[in-house]
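Observations on the three-dimensional arrangement
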Amino acid sequence: MYKELTKAKQEVLVSLLQGDSYADIAVRLNKNEQTIRTTAARVFKHFDINGGTNGGGRHQLMSLFIDKKKLKREVDRLI
């Protein structure tokens, strides 16, 4: 379905899913923040996410990695 991500994109993807800021990712990976934003935009594009780097893209990205059946069971249990 998807072409494999490069190592750099994988690192940014994991960091985004963990909720790290672009600045924090840049420091940890010893990269410029703009480089991280560009890489993040490419990660979003890879997953056909149009929300971009202004916040909405992260939510869409995270939703791809949520076990929706497990989430529904937890919601049902709480209700």
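Residues numbered from 1 in each chain as written. Predicted model: local features only at pLDDT ≥ 70, side-chain atom pairs only at ≥ 80, totals over all residues. Heavy atoms only, no water.

Next up on the list: the side chain of T39. With respect to the element layout, T39 can be found in helix 3 (residues 33-46). Residues in contact with T39, not counting those within four places in the same chain, are A8, K9 and V12. (Helix = DSSP H or I, 4+ residues; strand = E, 2+ residues; numbered from the N terminus. Contact = heavy atoms within 4.5 Å.)

Taken as a whole and assessed by the stated rule, the structure comprises 1 aromatic pair. Between F47 and F65, the aromatic rings sit 6.0 Å apart at their centres with planes inclined by 75°, giving edge-to-face as the arrangement. Here F47, found in the loop between helix 3 and helix 4 (56-64), pairs with F65, found in the loop between helix 4 and helix 5 (68-78); they are 18 residues apart in sequence, far enough to count as distant. We classify F47 as buried; its relative accessible area is 12%. Its end group placed over the ring of Y22, R58 keeps NZ or CZ at 4.8 Å from the ring centre. (Phe/Tyr/Trp six-rings, centres within 6.5 Å; stacked < 30°, edge-to-face > 60°. Buried < 20%, exposed > 50% of the residue type's maximum accessible area, 1.4 Å probe, protein only. Lys NZ or Arg CZ within 6 Å of the ring centre and 35° of its normal.)

Moving on: the packing of helix 1 (residues 7-17) against helix 3. Axis separation between helix 1 and helix 3 bottoms out at 9 Å; the angle between their running directions is 90°. Relative to helix 3, the element helix 1 is oriented roughly perpendicular. Of the residues in helix 3, those touching helix 1 at A8, K9, V12, L13 and L16 are I36, T39, A40, R42, V43 and F44. Broken down by class, the residue content of the contact of helix 1 with helix 3 amounts to 8 nonpolar, 1 polar and 2 charged. (Axes fitted to C-alpha atoms, helices over the stretch in contact; angles between N-to-C directions. Parallel < 35°, antiparallel > 145°, perpendicular 65-115°, else oblique. Nonpolar A, V, L, I, M, F, W, Y, C, P; charged D, E, K, R; others polar.)

This part is about unusual backbone geometry. You will see that N30, though not glycine, has its phi angle at about 55°, which is positive. Inspection of the secondary structure puts N30 in the loop between helix 2 (22-29) and helix 3. In this structure N30 comes out as exposed when scored by relative accessible area, which is 70%. Even without being a glycine, D48 presents a positive backbone phi close to 55°. Secondary-structure assignment places D48 in the loop between helix 3 and helix 4.

On the surface, a nonpolar cluster with roughly 390 Å² of combined accessible area is contributed by I66, L71, V75 and I79. For L71, the location among the structural elements is in helix 5. (Patch = residues over 30% accessible without salt bridge, like charges linked within 9 Å, V, L, I, M, F, W, Y side chains within 5 Å. Areas by Shrake-Rupley, 256 points an atom, 1.4 Å probe, with all protein chains shown as cover. Salt bridge = Lys/Arg side-chain N within 4 Å of Asp/Glu carboxyl O.)

This part is about the pattern of salt bridges. Scanning the model with the defined rule gives 5 salt bridges in all. Between E11 and K7 there is a salt bridge, with the nearest N and O atoms lying 3.7 Å from each other. With a gap of 4 residues between them, E11 and K7 both fall in helix 1, about one helical turn apart. A residue is classified by how much of its surface remains accessible, and E11, at 29% relative accessible area, is partly exposed. A residue is classified by how much of its surface remains accessible, and K7, at 62% relative accessible area, is exposed. Among the salt bridges present, the one from K72 reaches D76, with a minimum N-O distance of 2.8 Å. Remark: D76 and K72 occur in helix 5; sequence separation between them is 4 residues, near one turn of the helix.

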